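Here are the chains, one letter per residue:
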Amino acid sequence: MDAIDQHLEYLAEQDEDLPEPDAALVAELQRQLRDLDLIANYSKSIRLRVELRTPLSRRD
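Quick summary incoming for the structure in this document. Bear in mind the structure is a predicted one, so any value in this text is a computation, not a measurement.

Observations concerning helix α2 (residues 21-42)
For step 1, the next point in the chain: Here α2 contains 22 residues, and its C-alpha end-to-end distance of 32 Å stays within 8% of the 32 Å for a straight helix at 1.5 Å per residue.
For step 2, the next point in the chain: Those residues of α2 lying buried are A24, E28 and A40. Angularly, the buried residues of α2 cover 150 degrees about the axis, an arc narrow enough to put them on a single face. For α2, the exposed residues lying more than 90 degrees away from the buried face are D22 and L33.

Listed below in structure tokens is the structure:
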């Protein structure tokens, strides 16, 4: 959530249009997933790749 707030503050400082809060949340989650994919792709550890590919939490 902090990353979303920081990004929205940055956009506001740049006088850019602010996305809706839900859209900002989705965009941040997608960015974090891309980061995890990059980490996993460059990792030499098979275990790390497996752990990062599996969702860490489940929907109830």
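Now that the structure has been shown, we can carry on.
A short note on a negative patch on the surface
For step 1, the next point in the chain: Taken together, D2, D5, E9 and E13 make up a surface patch of like negative charges.
For step 2, the next point in the chain: The class of D2 is exposed, set by a relative accessible area of 58%.

Section: the pattern of salt bridges
For step 1, the next point in the chain: Under the definition given, this model contains two salt bridges.
For step 2, the next point in the chain: One salt bridge in this structure joins R31 and E28, with 2.6 Å as the shortest N-O distance. One end of the pair is R31 and the other is E28, both in helix α2 and three residues apart, which spans about a single turn.
For step 3, the next point in the chain: Of the charged contacts in the structure, one is a salt bridge between D35 and R31, with a shortest N-O distance of 2.7 Å. Here D35 pairs with R31, and both are found in helix α2, just four residues apart, close to one helical turn.
For step 4, the next point in the chain: In this structure D35 comes out as partly exposed when scored by relative accessible area, which is 33%.
For step 5, the next point in the chain: Here R31 falls in the partly exposed class, since its relative accessible area comes to 34%.
For step 6, the next point in the chain: Because the salt bridges share partners, they merge into one network encompassing E28, R31 and D35.

Each value, and the rule that gives it
- Residues numbered from 1 in each chain as written.
- Predicted model: local features only at pLDDT ≥ 70, side-chain atom pairs only at ≥ 80, totals over all residues.
- Heavy atoms only, no water.
- Helix = DSSP H or I, 4+ residues; strand = E, 2+ residues; numbered from the N terminus.
- Expected span 1.5 Å × (residues − 1).
- Buried < 20%, exposed > 50% of the residue type's maximum accessible area, 1.4 Å probe, protein only.
- Arc of directions from axis to C-beta.
- Patch = residues over 30% accessible without salt bridge, like charges linked within 9 Å, V, L, I, M, F, W, Y side chains within 5 Å.
- Areas by Shrake-Rupley, 256 points an atom, 1.4 Å probe, with all protein chains shown as cover.
- Salt bridge = Lys/Arg side-chain N within 4 Å of Asp/Glu carboxyl O.
- Lys, Arg positive; Asp, Glu negative; His and termini not counted.
- Charge placed at Lys NZ, Arg CZ, Asp CG, Glu CD.

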